[in-house]
Amino acid sequence: MFIVGLTGGIATGKSSVASIFREYGIPVIDADQIARKVVEPGKPAWHKIQKEFGTEVFLETEELDRAKLGDLIFNDVEKRKKLNAITHPDIYKELYWQTFKYVLQGHRFILMDLPLLFETGHMLNYLHKIIVVTCEEDLQLQRLIERTGFTEAKAKLRIAAQMSLEKKAEMANFVIENSGSERDTREQTIKVINVLRSSNYHWKLRFLVGFCCTVLLGGVYWLRNRNFRSLPTAA
């Protein structure tokens, strides 16, 4: 099994592309969903955030106030590093665990939705292919304002804080331009899915894993027989 990374800019439409992959029976691991899960009330990261940032970043329901926390860390690099140090270990642990479960299920490949793939660089070495979703700048701004209720100035700052779409597109294996109709985005996505399904790369990985397992089992068998022969025999 190989891993395909999905990324892009904020409000470019990654979720729409991911949903099409799901329709075609391809497992999708969503880093944003995992990030929300690890900070649920009572989770270890939830307690650490409360200790580090105080109760003011929580709602009356004890859930994390993501908007307030986002505003708090947006212009403070040190606070952002502290938050990442709290949440990232749990997020990546869950990413690896979900990936392992899909390996056992025998899928050809999975899609991993990683909004900050290039910004963090953490998962780049594990990905076989990368898909970047882009759209026109004005449309991205409009979508973000409609989705979040941000002012135009605040939305522009959030977009500018990420790596530019042009630079991300340069590092992609596939680019899906999501400025047109839903049908156009769907057609682009299906073409990418067909290319990925035609790849034989998963067989190479399976052969490599099988070979390593065979060598490991052979080594264990050899050591066992060696130790057995070295045991003293009864007189």
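For the protein chain, an unreviewed UniProt entry supplies the name Dephospho-CoA kinase domain-containing protein and the organism Dufourea novaeangliae. Quoted straight from UniProt, the Sequence similarities (unreviewed entry) entry for the protein chain says "Belongs to the CoaE family."

A.B. asks: Tell me about the sheet that holds strand S1 (residues 2–8), and name the residues and values.
C.D. replies: Reading across the sheet, the 5 strands line up as S2-S3-S1-S4-S5 and stay open at both edges, with parallel pairing between neighbours. Across the chains shown, the open sheet's two edge strands, defined by having one partner strand only, are strand S2 (28–30) and strand S5 (174–177). Put simply, the sheet's adjacent strands are angled 20° from each other on average, direction ignored. Here S2 pairs with strand S3 (residues 109–113) via 3 bridges, running parallel. When the bridges of S3 are listed, Ile 29 appears paired with Met 112.

A.B. asks: Any details on helix H4 (residues 66–74)? Residues and values, ideally.
C.D. replies: Residues of H4 that are buried: Leu 69, Gly 70 and Ile 73. For H4, the arc enclosing every buried residue in end-on projection is 105°, short of the 170-degree limit, so these residues lie on one face. On the buried face of H4, the contacting elements are helix H3 (44–53), helix H5 (77–105) and helix H8 (152–160).

A.B. asks: Tell me what's going on with the environment of Leu 165, and back it up with residues and numbers.
C.D. replies: The topology assignment puts Leu 165 in helix H9 (residues 165–170). Separated by 157 residues in the primary sequence, Leu 165 and Gly 8 have C-alpha atoms spaced 6.7 Å apart. Excluding residues that lie within four positions of it along the chain, Leu 165 makes contacts with Gly 8, Gly 9, Thr 12, Val 133, Thr 134, Cys 135 and Gln 140.

A.B. asks: Quick one: what's the story with the pairing of S5, residue by residue and with numbers?
C.D. replies: Side chains Phe 174 and Ile 176 of S5 all project onto a buried face; the interleaved residues Val 175 and Glu 177 project onto a face where none is buried. Across 4 bridges, the pairing between strand S4 (residues 129–134) and S5 is parallel. Bridging from a neighbouring strand, Val 133 pairs with Ile 176 of S5.

A.B. asks: Explain the packing of H4 against H8 to me, using residue names and the numbers behind them.
C.D. replies: Each pair of packed helices can be described by the angle between their axes along with the distance between the axes. Two elements in contact, H4 and H8, have axes whose closest approach is 13 Å; the angle formed by their N-to-C orientations is 65°. If you check the angle between H4 and H8, you find them roughly perpendicular. The hand of the H4/H8 crossing is left-handed. Residue-level contacts link Gly 70, Asp 71 and Phe 74 of H4 to Lys 154, Leu 157 and Arg 158 of H8. A breakdown of the residues in the contact of H4 with H8 according to their chemical character gives 2 nonpolar, 1 polar and 3 charged.

A.B. asks: I'd like a description of the pattern of salt bridges, backed by residues and values.
C.D. replies: For the structure shown, the criterion picks out 9 salt bridges. Of the charged contacts, one joins Glu 40 and Lys 43 as a salt bridge, the two residues approaching to 3.5 Å between their closest N and O atoms. Residue Glu 40 is classed as partly exposed on the basis of its relative accessible area, which comes to 38%. Residue Glu 187 is joined to Arg 183 by a salt bridge in which the shortest nitrogen-to-oxygen separation is 3.3 Å. Of this pair, Glu 187 and Arg 183 both sit in helix H10 (residues 182–197), separated by 4 residues, roughly a single helical turn. In this structure Glu 187 comes out as partly exposed when scored by relative accessible area, which is 39%. Linked by salt bridges that have partners in common, Asp 71, Lys 154 and Arg 158 make up one network.

A.B. asks: Please set out H10 residue by residue, giving values where relevant.
C.D. replies: Three or four residues apart is the spacing at which side chains of an α-helix point the same way, because the helix has 3.6 residues per turn. For H10, spanning 16 residues, the distance from its first C-alpha to its last is 22 Å, which sits close to the expected 22 Å at 1.5 Å a residue. Turning to H10, its buried residues number three or more, namely Thr 185, Thr 189, Val 192, Ile 193 and Leu 196. Along the axis of H10, the buried positions cluster into a sector of 100°, meaning they face one direction only. Residues Arg 183 and Lys 191 are exposed on H10 and point more than 90 degrees away from its buried face. Where H10 is buried, its residues contact S1, helix H1 (14–23), S3, S4 and S5.

Reading the values: rules and limits
Residue indices follow the written sequence of each chain, beginning from 1 at its first position. Note on the predicted model: pLDDT of at least 70 is required for a residue's local features to be given, and 80 or more for side-chain atom pairs to be given and counted; whole-chain, interface and lining totals, by contrast, use all residues. Values reported for side chains reflect all heavy atoms of the structure, with hydrogen atoms and water molecules removed beforehand. UniProt positions are given in the numbering used here, feature names are shortened, and annotations may be inferred rather than shown by experiment. DSSP calls a pair of strands paired once it identifies at least 2 bridges connecting them. Starting at the N terminus, helices and strands are each numbered in turn, a helix being any DSSP run of H or I of at least four residues and a strand any DSSP run of E of at least two. Axis definition: a line fit to C-alpha positions, over the contact stretch in the case of helices; interaxial angles, taken between N-to-C directions, run 0 to 180 degrees. Each residue is placed in one exposure class: buried if its accessible area under a 1.4 Å probe, protein chains only, is under 20% of its type's maximum, exposed if it is over 50%, and partly exposed if it falls in between. An arc is given here, and it is the one of the directions from the helix axis to the C-beta atoms. Two residues form a contact once any of their heavy atoms are found within 4.5 Å. What sets the label is the angle itself: under 35 degrees gives roughly parallel, over 145 gives roughly antiparallel, 65 to 115 gives roughly perpendicular, and the rest give oblique. The crossing is said to be left-handed when, going from far helix to near helix, the turn is anticlockwise and less than a right angle, and right-handed when the turn is clockwise. Nonpolar residues are Ala, Val, Leu, Ile, Met, Phe, Trp, Tyr, Cys and Pro. Charged residues are Asp, Glu, Lys and Arg, and all others, Gly as well, are polar. Counted as salt bridges are all cases of a side-chain nitrogen of Lys or Arg within 4 Å of a carboxyl oxygen of Asp or Glu. One less than the residue count of a helix, multiplied by 1.5 Å, gives the span that helix is expected to have.

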